[in-house]
Amino acid sequence: FSPFKNDDARDITTDGGSGFSETSSDYLSVSSSINAKFGTSNFTVEGWIYPKDLADQYNTIFDYGTNAGTTGAWWALHAGSGGTIELHTNNGSLKIVSSSGVVQVGEWSHFAVVRSGTTFTVYVNGVNVGSTTASYNISDGNTRTLYTYYQANSGRNFNGYLSDARIVKGTAVYTSAFTPPTSPLTAVTNTELLLNF
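Quick notes on the rules
- Residues numbered from 1 in each chain as written.
- Predicted model: local features only at pLDDT ≥ 70, side-chain atom pairs only at ≥ 80, totals over all residues.
- Heavy atoms only, no water.
- Helix = DSSP H or I, 4+ residues; strand = E, 2+ residues; numbered from the N terminus.
- Buried < 20%, exposed > 50% of the residue type's maximum accessible area, 1.4 Å probe, protein only.
- Contact = heavy atoms within 4.5 Å.
- Areas by Shrake-Rupley, 256 points an atom, 1.4 Å probe, with all protein chains shown as cover.
- Phe/Tyr/Trp six-rings, centres within 6.5 Å; stacked < 30°, edge-to-face > 60°.
- Polar contact = N/O pair within 3.5 Å; in protein donor to acceptor, adjacent residues only side chain to side chain.

Caption draft 1: Layout of the overall build of the protein chain. A count of helices and strands for the protein chain gives zero helices and 14 strands. N-terminal to C-terminal, the α/β element order of the protein chain is β-β-β-β-β-β-β-β-β-β-β-β-β-β. Out of the 197 residues belonging to the protein chain, those deemed buried represent 52%. Pairs at least 24 residues apart make up 65% of the contacts formed inside the protein chain by residues separated by at least 6 positions. Summed over its atoms, the accessible surface of the protein chain is roughly 8,100 Å², and 43% of this surface lies on carbon and sulfur atoms.

The structure is reproduced here in structure tokens:
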């Protein structure tokens, strides 16, 4: 697939090994060949982001589903307007929000959202900034698509740079504080998506 799906190629660039998104027409679309129906499995969603602004409540990094806000196995990962990292699933029935101010405009931050057993943790720059415990199933039988914009509101895309993003289904890559990786990520066992740009 192309790094970003876009009707106007002039609006999208890569810069220093990162993908750049600015408007609602700048987005990545990955078909159902990417299986991010996590079910009750461990998982890790991680990457580096450099926001140009965080004005919207939901600055969407990833949105997995046919239409966020419907029933089924959708989940969405946002950089919130308060400088948070937030994971939302299935009509808000599971919502994990980091402490505020952990992501800043004009700065690179590493994020990782991890499930290990029944513990869901948000790490920013290797530090645990929010967690919750839940027995939750993110799974159904429908075909899903991964986007880098919020399907329920196409204006809520992430405005900034994304680099070294990885989705791992079946493995909690991090289970405690860690030093964020500075070398390009690799496709470890159970990797479903790897974006090195």
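Caption draft 2: Region of interest: the packing of aromatic side chains. All chains considered together, the criterion is met by 10 aromatic pairs. Measuring from ring centre to ring centre gives 5.4 Å for Phe 38 and Trp 75, while their planes differ by 25 degrees; the resulting arrangement is stacked. Here the residue Phe 38 occupies a position in the loop between strand E3 (29-30) and strand E4 (43-51), and Trp 75 occupies one in strand E6 (residues 75-80), the gap between them amounting to 37 residues. The same class applies to Phe 38 as to Trp 75, namely buried. Their ring planes at 75 degrees and their centres at 5.8 Å tell us that Tyr 50 and Tyr 161 sit as a pair that is edge-to-face.

Caption draft 3: Inspection of the side chain of Arg 115 at higher detail. Tracing the backbone shows Arg 115 in strand E9 (residues 109-116). For Arg 115, a relative accessible area of 2% translates into the label buried. A distance of 2.8 Å separates a polar side-chain atom of Arg 115 from the backbone oxygen of Gly 117. Separated by 2.6 Å, the side chain of Arg 115 and the backbone oxygen of Tyr 136 make a polar contact. Setting aside chain neighbours within four positions, we find Arg 115 in contact with Gly 39, Thr 40, Ser 41, Asn 42, Phe 43, Phe 120, Ala 134, Ser 135, Tyr 136 and Ala 172.

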